[in-house]
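# Tertiary structure, described
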Amino acid sequence: MTQPDVAILGGGLVGCATAWFLARRGLSVIVIESGDLNQGASGRNAGSLHFQLEPRMTDVLRSSPERLGQLVPLSLQAIDDWRTLPEAVDADLEVAMHGGLLVAETAEDVELLERKGVLEQRVGLPSEMLDRSGLARIAPYLGVSVCGAAYCSVEGHANPRLVAPALARAAQRAGARLAVGMTYRGARRAAGAWELAVTAEDGRTLELCARHLVVAAGAWSGPVLESLGAPLPLRPIPLTMSVTERTRPAIGHLIQHMSRHLSLKQLKSGNVIVGGSWPSRLRWSGEVAGQSDNELLPQSIIGNFVVARDIVPLVSSLHVLRSWSGIASDTPDHLPLLGRVPGLVDAYVAAGGSTFTLGPTVGRLLSELIVDGRPTLSIAPFDPGRFAVRSTEVAA
Amino acid sequence: MSDLDVADTNVCDVVIIGAGPAGLAAATRLAEAGLRVVVLDEQQRVGGQIMRQPPSEFRIREWMDDAVYRPLKSLISRAEADSRVDWKMGCTVWGVFRSTLPQGGFDVRYVQGKRSETLYSPRVLVAAGCTEMPAPFPGWQLPGVMGAGALQSFYKSQQLVVGRRIVLAGSHPLLLVVAQQLARAGANVTGVFFAQPWRRVLNGLRQPRALLSGAPLLWQATGLLLDLRRRGIPLHFSSCVTAALGGDRLEQVEWAPVVNGRPQQDPRHTLACDALGVCYGFLPATELARLAGASATPAEGGGWRVCSDADGRTDVPGLHVAGEQTGIKGAAAALVEGRLAALALLSDIGLIRPDDPHLPRTRKALAQQRRFAQLLTQLSTMSDEFFGALLTDDTLVCRCEDIERRQLSTTLTENQLLRAASATKLLTRAGMGLCQGRYCESTIRRLLRSQGSAQPGGFRPRAPVRPVPVEALCRSPDASAIRWDELHSCNDPEHR
Amino acid sequence: MTFRVANGVTRIGPMTLLVDGREVPAYNGETIATAILAAGIQSFRRDSRGGWRAPYCNMGACHECLVRVREPAEPAGTDARWTRACMEPVRPGLVIETGEAP
């Protein structure tokens, strides 16, 4: 591969998905990853496939609900993408889409859920409100304090440990090249292309030229964009997840809580994964390929399980096997960055937001943007240009 | 971040994790200086593993009567009688965390009974010892196969001889001690197998104080070998057990000669038995110190040893280590290291002067112990190639998740870009079971190295370091006061 | 067979435990693992392939010796919790089930 069409920085879900879509369209692609594939948020998240509007966007729901509606078309595409992905990449991704419940324990939360439901109805996302008796029928494992929930029949989960590696293998079969242990050091425009400097693990520096540059480095996209002279507001968010021992199958849905920060699901293996954006302590160098070794907070683990036990009481008979932390990234308006990097030519970014659920779809849309000049779904609401901090000279 | 509402009862000057020789030596020295010391250990009584005491309800004539155990026995009885130390036994520490309080220090979380509790301390000494080095071979998961240390502790502590026909195999001189102890107790030991040539074993025995690393002194060793010979216990050198065979349980072992450091395919012999004690060495149990942020480097034969200065200070201020944490060295050296760590703590606090003569004296004593310990480790650690050859395709690598080497090989073949142990764990589930990777991490690292991955790294140390009941967590004293938004503020710039 | 050392050892008891419905003697201070092994039972937990496991490390690290226990006073319907047999001391009337954890 002398000069690939596209160089992708970041070997996580978005990077591997984009590589696969591009390679299938006949482009030559290289993915550059400083560690092993899928070791960032892509491999460490809780694997939720949630299509309902997220609880963390509650304040946005109150102030500017129409912004949330902008995510729904992507979610609808994502539902389809997850259904077809396993066969398309010829791998079992443990996709289970048997329904999701966004639960409420108070009247206020129920009211918020109803408002959310109205918005979702308008834009075609399937969700319905369930009261106690409705819940008792489909989710008898829920605690008595749950008084209502928004049910979305297609929500569920997939196994984040398997997805990006499967996409990587499929991308390789389609002709993409993936380079691990290669650390991006910088890039500049020269002769109508991007010239990248990367160092291998043995210390050698290599130069690579590519027509298009994609920044799909998760939280590290921030420092990378900074290095390109195109900073965008992306905040690293250190989150905590925990897993219990295996237990017999009892919880068939993806469970989320409207206000108490809980996500809970039971895997095919029987283990229960508990999350909900409880924080860990950020250890973040802010460097382009820096290490992140977040420290767990015992209070987060405990707080998370206090909620888990209230909502799904059977959890109290289990043991926590391990907790871990991953770094997600978020923007000031909670919507992803997806599109051309402002002020640069042939450079794109896809980061921030719930990129596990939307990961494959984002890859698809990015590939369409690069190959066709426009994606099949509008990504205008996610235009990184909405945050352009300063205008940068476009290099010739 | 709002301050933890810290009651007086859970604040102290030093928390020591581990009541083995290192922990006990440190605790008694620190208590002597008037510090408030809390010692936490999972076991019911102090002593650690080498000196694992019987239940207090037992009365035993002549327990561990050998002269060489006297200093340790004396330390144990002094410690147990020392009411200045708060001995929290039967307590399982599940994490050591840097405190979110402005003054720093550590938040030590442990389970006692049915509750998770918390202890705050400005200083923590981790002396959590070691575990058996896992050496997978076909059938090693069968009931009846256990670590030689386990056979020994069943006998020594529970006064139980496990099995009717016992075989011991591995490379650590501990095997000889266990063979004699069990034979004396009336057990039928039908074979002891050393993978090394006999000369290498003998060199290991020429070192003084070897018994307290589990191995006997030379003069005792000679007596030991003669005694075993007299009892008709066959000793095999340059031989190893290559398989444990049986239906539901161990019925016989298969063994083979070891030539040029590798078990031979041919000839293979069998020996009937119902108990097999395996010991190829030990790995430091350093999850807690590493979880709290201390740096570590690979230990001989597997596992991680915590990096520390000469006196046991890690690169996390206030976090100290002693004993096997910094490398397997045995009980005698651990005792000295514990004492040294206590002196270092006292010096840091200002209760003794940095030029106190006890410091250099103790350092010197430790250096001697360490030299011997290193030699013993070298003489009893088999090579990567040896362990690689013991492992067949259908050997279980991850006992907890039932993952065979074959499955790992397939995943590595299908995912050529896999290099790291943590990535391998993520993709295969190996290491995700209840033992939290203690019995498979070293094997996976070896596999990756044999596939050309120079630095596969390890599994990230994770809290909880032991499975914790959810119910116990929910009963934690601070459970009802935890607020999600307050926790998030710990990452605000002014708090970092 | 596996045996308790008698010479020079004085124990208090025996108490009676129930292991898989069978009465098994145990002595004060012993671990559940000791009582089970001394009774000639070698199988503690089942693995995912139907094989059996038994204590390997005897120090609470390997988690092979897991059994389910219930206090004598607990009603039969309650979920029995699992425990490490090598770490948990015996108590009179403890109801133990092998093969069920976790």
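These numbers were taken from a predicted model, which means no experiment stands behind them. (Residues numbered from 1 in each chain as written. Chains lettered and ligands numbered in written order. Predicted model: local features only at pLDDT ≥ 70, side-chain atom pairs only at ≥ 80, totals over all residues. Heavy atoms only, no water.)

With that settled, the discussion passes to the interface of chain B and chain A. With 49 residues of chain B in contact, the opposing surface of chain A contributes 54 residues. Here chain B and chain A share an interface that buries about 4500 Å² over both sides, 58% of which is from carbon and sulfur atoms. Its largest share of buried area at the contact with chain A, chain B owes to Leu417(B), Leu426(B) and Trp484(B), together 15% of the area lost on that side. If you look at where chain B meets chain A, you find five salt bridges. Between Glu295(A) and Arg98(B) there is a salt bridge, with its nearest N and O atoms 2.7 Å apart. Counting across the chain B and chain A interface gives 20 residue pairs in polar contact (both at pLDDT 80 or more). Taken together, the elements giving at least two residues each to the side of chain B that touches chain A come down to strand S5 (91–98), strand S6 (106–112), helix H12 (421–428), strand S26 (468–469), helix H14 (470–474) and helix H15 (484–488) of chain B. A per-element tally of the side of chain B that touches chain A places H12(B) first, with six residues. (Contact = heavy atoms within 4.5 Å. Buried area = accessible area lost by both parts, 1.4 Å probe. Salt bridge = Lys/Arg side-chain N within 4 Å of Asp/Glu carboxyl O. Polar contact = N/O pair within 3.5 Å; in protein donor to acceptor, adjacent residues only side chain to side chain. Helix = DSSP H or I, 4+ residues; strand = E, 2+ residues; numbered from the N terminus.)

With that out of the way, let us pick up the packing of aromatic side chains. For any pair of aromatic rings, geometry is given as the distance between the ring centres together with the angle between the planes. Enumeration over the complete set of coordinates arrives at 11 aromatic pairs over all chains. Measuring from centroid to centroid gives 5.2 Å for Trp82(A) and Phe356(A), while their planes differ by 40°, and the two rings are tilted. Taken together, the positions of Trp82(A) in helix H5 (residues 72–89) and Phe356(A) in helix H11 (residues 355–372) put the pair 274 residues apart, joining distant regions of the chain. Residue classification places Trp82(A) among the buried residues on the basis of a relative accessible area of 0%. For Phe356(A), a relative accessible area of 9% puts it in the buried group. Taken together, a centroid distance of 5.5 Å and an interplanar angle of 75° make the contact between Tyr280(B) and Phe387(B) edge-to-face. Note that Tyr280(B) is positioned in the loop between strand S19 (275–279) and strand S20 (282–284) and Phe387(B) in helix H10 (residues 384–390), a separation of 107 residues in sequence. Residues Tyr280(B) and Phe387(B) agree in their burial class; the two are buried. Aromatic rings pair up to connect Trp140(B), Tyr439(B) and Tyr56(C) into one cluster. One Lys or Arg, Arg399(B), reaches over the ring of Trp140(B) and ends 4.5 Å from the middle of that ring. Here the guanidinium or amino end of Lys425(B) rests over the ring plane of Phe459(B), the centre of that ring lying 4.9 Å away. (Phe/Tyr/Trp six-rings, centres within 6.5 Å; stacked < 30°, edge-to-face > 60°. Buried < 20%, exposed > 50% of the residue type's maximum accessible area, 1.4 Å probe, protein only. Lys NZ or Arg CZ within 6 Å of the ring centre and 35° of its normal.)

Under the 1.5 Å per step criterion, the end-to-end length of helix H9 (residues 358–380) of chain B is 33 Å for 23 residues, consistent within 8% with the ideal 33 Å. By the burial criterion, the buried members of H9(B) are Leu359(B), Thr362(B), Leu366(B), Gln369(B), Phe372(B), Ala373(B), Leu376(B), Thr377(B), Leu379(B) and Ser380(B). (Expected span 1.5 Å × (residues − 1).)

All names here are of chain C. With burial as the criterion, only one face of strand S3 (residues 15–19) is covered, namely that bearing Met15, Leu17 and Val19; the residues Thr16 and Leu18 on the opposite face remain uncovered. In terms of strand pairing, S3 meets strand S4 (residues 22–26) through five bridges, oriented antiparallel. Across the sheet, residue Leu17 finds its bridge partner in S4, namely Val24. Joining the antiparallel neighbours S3 and S4 is a turn of two residues, in which Asp20 adopts a positive phi near 50°. Relative to strand S9 (residues 95–97), S3 runs parallel, the two sharing two bridges. Bridge pairing links Val19 to Ile96 in S9. (Pairing = 2+ DSSP bridges.)

The subject of this paragraph is the sheet that holds strand S1 (residues 14–17) of chain B. All names here are of chain B. In spatial order, the strands read S4-S2-S1-S8-S23; together these five strands make up an open sheet with parallel pairing. Each having just a single partner strand, strand S4 (86–89) and strand S23 (319–321) make up the two edges of the open sheet. Each strand of the sheet is rotated relative to its neighbour by a mean of 20°, with strand direction disregarded. The pairing of S1 with strand S2 (residues 37–41) spans four bridges and is parallel. Paired with Ile17 across the strands is Leu40, a residue of S2. (Axes fitted to C-alpha atoms, helices over the stretch in contact; angles between N-to-C directions.)

So, on to the packing of helix H11 (residues 405–414) of chain B against H12(B). Residues and elements named next belong to chain B. With their axes 11 Å apart at the nearest point, H11 and H12 run at an angle of 110° to one another. Taken as axis vectors, H11 and H12 run roughly perpendicular relative to one another. In this structure, H11 uses Leu408, Thr411 and Leu412 to contact H12, whose residues at the interface are Thr424, Leu427 and Thr428. (Parallel < 35°, antiparallel > 145°, perpendicular 65-115°, else oblique.)

Quick look at the sheet that holds strand S11 (residues 205–210) of chain A now. All names here are of chain A. Sheet architecture is open: three strands sit in the order S9-S10-S11, paired in antiparallel fashion. Each end of this open sheet is capped by a strand with a single partner; those strands are strand S9 (183–190) and S11. Each strand of the sheet is rotated relative to its neighbour by a mean of 25°, with strand direction disregarded. Across seven bridges, S9 lies against strand S10 (residues 193–199) in antiparallel orientation. Note that in S10 the partner of Ala190 across the bridge is Ala193.

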